[in-house]
Amino acid sequence: MGMDLRVVPAEEWLNRGRHSSHDGERDLGLMVTDFLETGGGGSGGAGSWCSSDSDSGFPDPSYLSDKIQYLKYSVAQHETEVLSAVRTLMLTIKEKDLHSVKSGTCNASCIRFYLAKLLRLSGYDAAVCSARWQGGGKVPGGDNEYIDIILSDTEVGQDDRLIVDIDFRSHFEIARAVDSYQRIMESLPVVYVGTVARLNQFLQVMVDAAKFSLKQNSMPLPPWRSLNYLRSKWHSPHKRHLGPIDHQGPGMFSPGLHGQCAENLKRLQFALQVEQESERFMKKSSGFSRRNKSEIMRIQGALAP
């Protein structure tokens, strides 16, 4: 069985439907309200709501930007091939395809399930993973949904698990972001495809960048943007699903319920096209390959422990 979760931004918890965890939603809703009303102090003071990590010694934004580029482009060949397949399939999905996925008001589940179906038809062991975790300490409870792909290596007798998150950047949106943070966030891949280990490195960079940005506005890091909360989205116990659970029952499906999902699909497809055009432009630039290799080597050396 594979593991998985769907990343759910904290803001979404305040508007979750009837299928969410009511206890977790209520806990996070109270936490958000308390955080906003007390300016991040909470009932136990600022330290009780802030990340446990130190606020001193923020990495320079240029260093974080370099690290994002290194993480994006220093990728194993098989991950690059899967990313290419995911991008291609994402761009083939039409709004009418979502109507065949009977999952009601699904918060983009229909896109994930249809993409997972296309991946299976392409020969990949893909499924939608759902996870839920209980809150504890400074980490709010929640649930998440994403796709995973299990790659079997018969030579070494070992499986490799790749995470596929179709709206990766949305997990890192913060209030009053400074320009350097916005640029770092927009440099993230539109769709993340890769191992959990590489995902953890992205999460650490974005938490450091968020701390830097929020510090410029004298704002603490809220608990739903902490590293532990972000990690919970992909590290919590999960179940793999080959098809959606139809909570509405037979005969109650309405295509109109997918209006928001259709808009999300258009937004993601547009962002993917922009990302691919940008990459093609860079590759066409004179000497790009040579500069890219030397830049990756420079960044790799700078980031080495």
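On a predicted model such as this, the values are computed, not experimentally measured, just so you know.

Attention now moves to unusual backbone geometry. Negative phi is the rule for most residues except glycine; trans is the rule for most peptide bonds. Phi at Arg176 is positive, roughly 50 degrees, even though this residue is not glycine. Among the secondary structure elements, Arg176 is positioned in the loop between β3 (158-165) and α8 (179-186). Given a relative accessible area of 56%, Arg176 falls into the exposed group. Here Ser218, not a glycine, exhibits a phi torsion of approximately 55 degrees, which is positive. Mapped onto the fold, Ser218 is located in the loop between α9 (196-216) and α10 (227-235).

Let's shift gears to the nonpolar core. The biggest cluster of nonpolar side chains holds 31 residues, and the ones touching the most others in it are Val86, Met90, Ile93, Ile111, Leu115, Leu119 and Ile147. For this core, the secondary structure elements donating two or more residues are α5 (77-92), α7 (109-121), β1 (125-133), β2 (142-153), β3 and α11 (259-284). For this core, the element with the highest residue contribution is α7, accounting for 8 residues. Leave out the neighbours within four places in its chain, and Ile111 touches Met90, Leu98, Ile166, Cys261, Asn264 and Leu265. Within the second largest apolar cluster, 29 residues are counted, among which are Tyr70, Phe172, Ile184 and Leu230.

Below, the discussion takes up the packing of aromatic side chains. Aromatic ring pairs are defined here through the distance separating the ring centres and the angle between the ring planes. Per the counting criterion, the structure on display carries 6 aromatic pairs. Ring geometry for Tyr192 against Phe202: centres 5.8 Å apart, planes inclined by 80 degrees, an arrangement best described as edge-to-face. Residue Tyr192 is found in strand β4 (residues 192-194), and its partner Phe202 is found in helix α9; the two are separated by 10 residues along the sequence. Overall, the relative accessible area of 1% leaves Tyr192 in the buried class. Put simply, the rings of Phe168, Phe172, Tyr192, Phe202 and Trp234 pair up and form one aromatic cluster.

In regions of low pLDDT, the predicted coordinates are not meant to be interpreted in detail. With 67% of its residues at a pLDDT of 70 or more, the chain has an overall mean of 76. Here residues 1-56 is a poorly scored stretch, pLDDT under 50, and it has 134 contacts once near neighbours within four places are set aside; other chains count. A low-confidence stretch, residues 247-254 stays under pLDDT 50, and its non-local contacts, those more than four residues away or across chains, total 11 contacts.

The next subject is the packing of helix α4 (residues 61-73) against α9. Their axes nearest at 10 Å, the elements α4 and α9 cross at an angle of 160 degrees. The orientation of α4 relative to α9 falls into the category roughly antiparallel. The two elements α4 and α9 meet at a crossing, and its hand is left-handed. Residues Pro61, Leu64, Lys67, Ile68, Leu71 and Lys72 of α4 form the contact with α9, whose participating residues are Arg198, Gln201, Phe202, Val205, Met206, Asp208, Ala209 and Phe212. Taken together, the residues that form the contact of α4 with α9 break down as 9 nonpolar, 1 polar and 4 charged.

About the cut-offs
- Residues numbered from 1 in each chain as written.
- Predicted model: local features only at pLDDT ≥ 70, side-chain atom pairs only at ≥ 80, totals over all residues.
- Heavy atoms only, no water.
- Helix = DSSP H or I, 4+ residues; strand = E, 2+ residues; numbered from the N terminus.
- Buried < 20%, exposed > 50% of the residue type's maximum accessible area, 1.4 Å probe, protein only.
- Core = buried A, V, L, I, M, F, W, Y, C linked by side-chain atoms within 4.5 Å.
- Contact = heavy atoms within 4.5 Å.
- Phe/Tyr/Trp six-rings, centres within 6.5 Å; stacked < 30°, edge-to-face > 60°.
- pLDDT = per-residue confidence, 0-100.
- Axes fitted to C-alpha atoms, helices over the stretch in contact; angles between N-to-C directions.
- Parallel < 35°, antiparallel > 145°, perpendicular 65-115°, else oblique.
- Left-handed = near helix turned anticlockwise from the far one by under 90°.
- Nonpolar A, V, L, I, M, F, W, Y, C, P; charged D, E, K, R; others polar.

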